[in-house]
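# Fold and geometry: a report
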Amino acid sequence: MTDAPLVLAVPSKGRLQENANAFFARAGLPVVQQGSARSYRGRIGGLPDVEVAFLSASEITRELAAGSVHLGITGRDLVEEEVSDFAQRLDLVLPLGFGHADVVVAVPEAWIDVRCMADLDDVAADFRARHGRWLTVATKYVNLTRRFFTQNGIADYRIVESLGATEGAPASGAADLIVDITSTGSTLTANALKIVGDGVILQSEAHLVASLSATWSGAARGALRVILDRIEAESAGRSLREIRADVVDPEGAAKVAADRFGATTPFGMPSGHLLLHCPASKVYACAEWLRTGAGARTVSVSRLDTVFASTSPLAEHLLGRIDGRARA
Ligand SMILES: Nc1ncnc2c1ncn2[C@@H]1O[C@H](COP(=O)(O)OP(=O)(O)OP(=O)(O)O)[C@@H](O)[C@H]1O
Ligand SMILES: O=P(O)(O)OC[C@H]1O[C@H](OP(=O)(O)OP(=O)(O)O)[C@H](O)[C@@H]1O
Ligand SMILES: [Mg+2]
């Protein structure tokens, strides 16, 4: 199977679908559905060696672990929950800047004495003596919950597995507290729950994830290079800004901008003025210094769509890991 295609899994429902589609479109990887609108297979325009599988985020995570898809988008929360040895079986290629949400421990607002995990430990330790049953935690994040409660020295509890509407469990009496994912916090508030102070188990974000257990044919490797090249270019475009400035000493200013702000001069010194690619997070500090410290009268900052580089560090790193496993 030297020419088996690369299988790319794209979220087809839920929280990540819309952002994932927009992300592929921005990266020049247009996802096209095949056959009817209800088909579960698709393609990427212009890339014959890629087959697209439309799946839910949790299915994507499982299939990546099983090696039946090569590359996919899913949440870090699902990777850490569902794949115990994910560091060996998967590569978290790149965070994607969307799908931000926290997995948290939340208790009823009425529990005014519970502010931190140590307080929860006190409640758990007395609970059985007081109520004649174990303290219960509703969650679908069973593994993350067990690990976190163990780290916090809490042993006296039971998990009630929840498959939906977890936040309703305390009010309905199905469990005493919950572990669930939240972004705006409005579902917790609506259910009169509060996050335990140091009870943030995981800060999650959508990632591009690769399977190390899949079989990578020559064609799949070739497709991987093309996909990662475009995705890296999109990612660089998102995280960098172009800065132009009429500084007095462009060479000297470029050195300082590199040291202090991590900025680069991708095109050297065109026509004597300074052209930098600067991390978006450092733009204001850099623009300030260019005027106060480097004599610029004007500094312009532009967004970049796409920045292609001569090499793809992501592809080299990932193919290195894939080859390493193939040899082992
Ligand atoms: N409130 C939220 N805000 C931001 N991202 C979220 C939120 N809830 C979930 N996510 C992210 O989206 C991923 C998929 O959640 P989603 O709700 O789409 O699937 P689901 O319907 O809960 O699960 P299933 O895969 O069983 O259909 C989560 O694992 C998480 O990474
Ligand atoms: O902090 P908030 O912005 O209120 O979001 C939190 C809610 O979002 C998710 O559910 P979702 O809406 O995805 O429905 P689901 O239970 O079907 O997954 C999650 O399970 C929470 O219930
Ligand atoms: Mg959900």
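Scroll up to find the structure.
Residues numbered from 1 in each chain as written. Chains lettered and ligands numbered in written order. Predicted model: local features only at pLDDT ≥ 70, side-chain atom pairs only at ≥ 80, totals over all residues. Heavy atoms only, no water.

Secondary structure assignment for the chain yields 12 helices and 15 strands. If you take every contact in the chain between residues at least 6 apart in sequence, the share linking residues at least 24 apart comes to 71%. As displayed, the chain offers around 16,200 Å² of accessible surface, 50% of which is attributable to carbon and sulfur atoms. Averaging the locations of the 33 positively and 38 negatively charged side chains of the chain gives two centres separated by 2 Å. (Helix = DSSP H or I, 4+ residues; strand = E, 2+ residues; numbered from the N terminus. Contact = heavy atoms within 4.5 Å. Areas by Shrake-Rupley, 256 points an atom, 1.4 Å probe, with all protein chains shown as cover. Lys, Arg positive; Asp, Glu negative; His and termini not counted. Charge placed at Lys NZ, Arg CZ, Asp CG, Glu CD.)

All right, on to helix 5 (residues 117-131) then. For helix 5, with 15 residues, the first-to-last C-alpha span of 20 Å sits near the 21 Å given by 1.5 Å per residue. Taken as a whole, helix 5 carries its principal kink of about 30° at Ala125. For helix 5, the full list of buried residues reads Met117, Asp119, Leu120, Ala124 and Phe127. On the buried face of helix 5, the contacting elements are strand 7 (101-108), strand 8 (135-139), helix 6 (142-151), strand 10 (177-182) and strand 11 (193-204). (Expected span 1.5 Å × (residues − 1). Bend = angle between axes of the 7 residues up to and from the residue. Buried < 20%, exposed > 50% of the residue type's maximum accessible area, 1.4 Å probe, protein only.)

Counted according to the given criterion, the structure contains 12 salt bridges. Across the pair Glu234 and Arg26 runs a salt bridge, and its minimum N-O distance is 2.7 Å. Placement of Glu234 in helix 9 (residues 218-239) and of Arg26 in helix 1 (residues 17-26) is noted, with a sequence separation of 208 residues between them. The closest approach of N and O atoms between Glu51 and Arg41, which form a salt bridge, is 2.4 Å. Taken together, the residues Glu51 in strand 4 (residues 47-55) and Arg41 in strand 3 (residues 41-44) connect sequence positions 10 residues apart. On the basis of relative accessible area, Glu51 is assigned to the partly exposed category, the value being 23%. Relative accessible area serves as the criterion here: at 37%, Arg41 is assigned to the partly exposed category. Connected via shared salt-bridge partners are Arg26, Glu234 and Arg238. (Salt bridge = Lys/Arg side-chain N within 4 Å of Asp/Glu carboxyl O.)

What follows covers helix 9. With 22 residues, helix 9 ought to run about 32 Å at 1.5 Å a step, and its terminal C-alpha atoms sit 31 Å apart, in line with that. Sitting at the amino-terminal end of helix 9 is Ser217, which places a side-chain oxygen 3.3 Å from the backbone nitrogen of Ala219. (Polar contact = N/O pair within 3.5 Å; in protein donor to acceptor, adjacent residues only side chain to side chain.)

Here the focus is the pairing of strand 4. Where strand 1 (residues 6-11) lies against strand 4, six bridges are found, and the strand directions are parallel. Counted as the bridge partner of Val7 is Glu51 from strand 4. As judged from the four bridges shared by strand 3 and strand 4, these two strands associate in the antiparallel manner. The partner of Arg43 across the bridge, within strand 4, is Glu51. In sequence, strand 3 turns back onto strand 4 through a hairpin of two residues, with Gly46 there showing a positive phi of about 85°. (Pairing = 2+ DSSP bridges.)

Attention shifts here to the site of ligand 1. In the vicinity of ligand 1 there are 16 residues, among which Lys13, Arg15, Ser58, Asp77 and Ser183 approach most closely. Contact distances for ligand 1 include 2.7 Å between an oxygen atom and a side-chain N or O atom of Ser58. The separation between a nitrogen atom of ligand 1 and a polar side-chain atom of Ser183 is 2.7 Å. Coverage of ligand 1 by the protein amounts to 76% of the 630 Å² it exposes when considered alone. When atoms are counted within 2 Å of each cavity's grid points, the one that captures over half of ligand 1 is the largest pocket. Listed by contribution, the elements that provide at least two residues to the shell around ligand 1 are helix 2 (57-66) and helix 3 (76-82). (Near = heavy atom within 4 Å. 1 Å grid on protein atoms, 1.4 Å probe; cavity = no way out; pocket = protein on both sides within 12 Å on 5 of 7 lines; lining within 4 Å. Sits in = over half its atoms within 2 Å of the grid points.)

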